[in-house]
Amino acid sequence: MDFCSTLPLAGVDEAGRGPLAGPVVAAAVALDPDRPIAGLGDSKALSEKRRRMLFQEISDKAHIGVGIAEPAEIDRLNILHATMAAMRRAVLGLGVAVTEIQIDGNRVPPDLPVPASAIIKGDAKVAAIGAASIIAKTLRDDLMLLADARYPGYGFARHKGYPSPVHREALERLGPCPIHRMSYAPVRKALESRQPRDANHCG
């Protein structure tokens, strides 16, 4: 869709800092002031059905950029720096110029192309950040559904890689798989306690 050459604001948020497995996904969203979207806010406060409806509406009405940091990059950089890298990729992938960037949280990624500020709980305060929250969470959830089919037994479709009791039990029983974050203590502990596993799980 076509926009004017420059939009006033892009909001940025991420999903997946806390899980033991899977990527961290960041999204940047520039809303069209002439096409408002009702009900934007923190994706975690929305039902999955409502979140997916808003995901489609945002996709139809706004410019979106997505950045991903895979588990290997998280292990190499640490989760903070990997998240900052994913956010910067999302901003650079917007495909439209903006005059300002507002980011959920208390840190701003380095080397952004325009002035940026961090807003604590911004996903509940700024519509564009709320939209980015919805995009990031929905995309990450979909990636974890694909992971559930590729690595059965861990329950990724249920817990999306977060350290639930079900996930911890599966991790202890099966050992880590290729999308686990090996630098995270529960994963490292499970890895150290096991012999090498078969190719179906270890790749």
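Everything numeric here is computed off the predicted structure, so don't read it as measured data. (Residues numbered from 1 in each chain as written. Predicted model: local features only at pLDDT ≥ 70, side-chain atom pairs only at ≥ 80, totals over all residues. Heavy atoms only, no water.)

### Some remarks on the overall build of the chain
Alright, step 1. Along the backbone of the chain there are eight helices and seven strands.
Alright, step 2. A globule of 203 residues ought to have a C-alpha radius of gyration of about 17 Å, and the chain, at 18 Å, matches this closely.
Alright, step 3. With the principal axes as the frame, the chain shows a C-alpha extent of 55 × 35 × 25 Å.
Alright, step 4. Every one of the 203 residues in the chain was classed for burial, and the buried ones make up 48%.
Alright, step 5. A separation of at least 24 residues holds for 62% of the contacts in the chain among residues at least 6 apart in sequence.
Alright, step 6. For the chain, the computed accessible surface area is about 9900 Å², with 54% contributed by carbon and sulfur atoms.
Alright, step 7. Taking the average place of the 26 positive charges on the side chains of the chain and the average place of its 23 negative ones, the gap between the two points comes to 6 Å. (Helix = DSSP H or I, 4+ residues; strand = E, 2+ residues; numbered from the N terminus. Rg over C-alpha atoms; globule rule 2.2 N^0.38 Å. Buried < 20%, exposed > 50% of the residue type's maximum accessible area, 1.4 Å probe, protein only. Contact = heavy atoms within 4.5 Å. Areas by Shrake-Rupley, 256 points an atom, 1.4 Å probe, with all protein chains shown as cover. Lys, Arg positive; Asp, Glu negative; His and termini not counted. Charge placed at Lys NZ, Arg CZ, Asp CG, Glu CD.)

### Focus on the side chain of Thr138
Alright, step 1. With respect to the helices and strands, Thr138 occurs in helix α4 (residues 127–150).
Alright, step 2. A distance of 2.8 Å separates a polar side-chain atom of Thr138 from the backbone oxygen of Ile134.
Alright, step 3. Once you skip the residues sitting within four places of it in the chain, Thr138 turns out to touch Arg51, Arg52 and Phe55. (Polar contact = N/O pair within 3.5 Å; in protein donor to acceptor, adjacent residues only side chain to side chain.)

### Some details on the environment of Ile120
Alright, step 1. Mapped onto the elements, Ile120 comes out in the loop between β7 (116–119) and α4.
Alright, step 2. Residue class for Ile120 comes out exposed when judged on its relative accessible area of 55%.
Alright, step 3. Linking Ile120 and Asp104, residues 16 residues apart in sequence, is a C-alpha distance of 5.8 Å.
Alright, step 4. With sequence-adjacent residues up to four places away left out, Ile120 is seen in contact with Gly105, Asn106 and Lys125.

### Digging into the environment of Gly175
Alright, step 1. Inspection of the secondary structure puts Gly175 in the loop between α6 (165–174) and α7 (185–192).
Alright, step 2. Separated by 134 residues in sequence, Gly175 and Gly41 place their C-alpha atoms 37 Å apart.

### Comments concerning the sheet that holds strand β2 (residues 10–15)
Alright, step 1. Taken in spatial order, the five strands of this open sheet run β4-β3-β2-β6-β7, and their pairing is mixed. Edge positions in the sheet fall to β4 (63–69) and β7, since each has one partner strand and no second. Across the sheet, the mean angle separating the axes of adjacent strands is 20 degrees when strand polarity is ignored.
Alright, step 2. Here three bridges tie β2 to strand β6 (residues 101–104), and the two strands are oriented parallel to one another. Within β6, the residue paired with Ala10 across the bridge is Ile101.
Alright, step 3. Contacts between helix α3 (residues 79–92) and the sheet are confined to β2, β3 (24–30), β4 and β6, with β4 contributing the most and set at about 150 degrees to the helix.
Alright, step 4. Strand contacts of α4: β2, β3, β4, β6 and β7, with the helix running at about 35 degrees to β2, the strand carrying the most contacts. (Pairing = 2+ DSSP bridges. Axes fitted to C-alpha atoms, helices over the stretch in contact; angles between N-to-C directions.)

### Topic: the pattern of salt bridges
Side chains bearing opposite charge may pair, as long as their charged atoms lie close to each other.
Alright, step 1. Evaluated as defined, the whole model comprises nine salt bridges.
Alright, step 2. The shortest N-O distance in the salt bridge between Glu48 and Arg52 comes to 3.3 Å. Here Arg52 and Glu48 lie together in helix α1 (residues 48–61), a separation of four residues that amounts to about one turn.
Alright, step 3. Owing to a relative accessible area of 47%, Glu48 belongs among the partly exposed residues under this scheme. (Salt bridge = Lys/Arg side-chain N within 4 Å of Asp/Glu carboxyl O.)

### What to know about the packing of aromatic side chains
The description of an aromatic ring pair uses the distance of the two centres, along with the angle that the planes make with each other.
Alright, step 1. One pass over the full model with this rule turns up one aromatic pair.
Alright, step 2. Ring plane angle 15 degrees and centroid distance 5.3 Å describe the contact between Tyr154 and Phe156, whose orientation is recorded as stacked. The burial state of Tyr154 is the same as that of Phe156; both residues are buried. (Phe/Tyr/Trp six-rings, centres within 6.5 Å; stacked < 30°, edge-to-face > 60°.)

### Focus on α1
Alright, step 1. In a regular helix each residue adds 1.5 Å, so 14 residues correspond to 20 Å; α1 covers 20 Å between its end C-alpha atoms and thus fits that length.
Alright, step 2. When we look at burial in α1, the residues that qualify are Arg51, Leu54, Phe55, Ile58 and Lys61. Buried residues of α1, seen end-on, are gathered within an arc of 145 degrees and therefore sit on one face of the element.
Alright, step 3. Buried residues belonging to α1 abut β3, β4 and α4. (Expected span 1.5 Å × (residues − 1). Arc of directions from axis to C-beta.)

### A few points about a nonpolar patch on the surface
Alright, step 1. A cluster of nonpolar residues, Val66, Ile68, Leu143 and Leu146, forms a patch on the protein surface that exposes about 310 Å² of accessible area.
Alright, step 2. Broken down by secondary-structure element, the contributors of at least two residues to the nonpolar patch are β4 and α4. (Patch = residues over 30% accessible without salt bridge, like charges linked within 9 Å, V, L, I, M, F, W, Y side chains within 5 Å.)

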